[in-house]
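Summary of the model geometry
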Amino acid sequence: MILGQHFIYDDNKNLKIFGSVDFTEEDLKRYAEYIERAMQLSIPNIIAHPDIYMMKREKFGDIEEKVAHMICKSAEKYNIPLEINLKDIFYKTYFENKKLNDFPIEKQKEKLSNVQYPNKEFWNIATKYDIKILYGIDAHYRGQIALWNELLELAHEILGEKIISKLNFIETDDF
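Here's a quick rundown of the structure. Keep in mind it's a predicted model, so treat the numbers as computed, not measured.

Now for a nonpolar patch on the surface. Together, Phe7, Tyr9, Leu15 and Ile17 line one region of the surface with nonpolar side chains, adding up to about 340 Å² of accessible area. Of all the secondary structure elements, the ones that give two or more residues to the nonpolar patch are β2 (7-9) and β3 (15-17). Within the secondary structure, Phe7 sits in strand β2.

What follows is the structure, encoded as structure tokens:
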């Protein structure tokens, strides 16, 4: 079971969906609490895009750091892997304006400043925990999976080899 937490309920029981509305600091904490509760209940086997909360965030500040630690601490405690999701990279590069392009990878790299996740600061915090990591693509469009290698290269460009080399990636024999 893969958990991709996309929403929370606020104090007034209003549904708030990532990408649709801005999230307050309380909303971000609630997001981490939802993920922690799901792990506590042994619901997911994998947490998809745990850094999606950075969508629409302009900076990685104190609250964003606290949320990253909450999620990573829970993943370590309950031994649940976290996924580095490649969807936002795909949307902001190869699928810009909902049309697949065939620009070379160097041209795609120029667009990486628009990518909100994977978030370098989140994954740097993840290196401080004993958690398993895997990549996911969250495929919604034709042609997305065929670009797997290019999307991995772009993710490495965002995160940097220093972070990538410290993450504990799941190996085939881990399954």
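Let us look at unusual backbone geometry. Cis geometry marks the peptide bond from Tyr117 to Pro118, where omega comes out at 10 degrees. The topology assignment puts Pro118 in the loop between α4 (105-109) and α5 (120-126). Its identity as a non-glycine residue notwithstanding, Lys56 has a phi of 70 degrees, on the positive side. Tracing the chain through its elements places Lys56 in the loop between β4 (46-47) and α2 (62-78). Relative accessible area serves as the criterion here: at 40%, Lys56 is assigned to the partly exposed category. A positive phi angle, close to 60 degrees, is found at Asn97, a residue other than glycine. Tracing the backbone through its elements, the reader meets Asn97 in the loop between α3 (87-92) and α4.

Rules used in this analysis
Residues numbered from 1 in each chain as written. Predicted model: local features only at pLDDT ≥ 70, side-chain atom pairs only at ≥ 80, totals over all residues. Heavy atoms only, no water. Patch = residues over 30% accessible without salt bridge, like charges linked within 9 Å, V, L, I, M, F, W, Y side chains within 5 Å. Areas by Shrake-Rupley, 256 points an atom, 1.4 Å probe, with all protein chains shown as cover. Salt bridge = Lys/Arg side-chain N within 4 Å of Asp/Glu carboxyl O. Helix = DSSP H or I, 4+ residues; strand = E, 2+ residues; numbered from the N terminus. Buried < 20%, exposed > 50% of the residue type's maximum accessible area, 1.4 Å probe, protein only.

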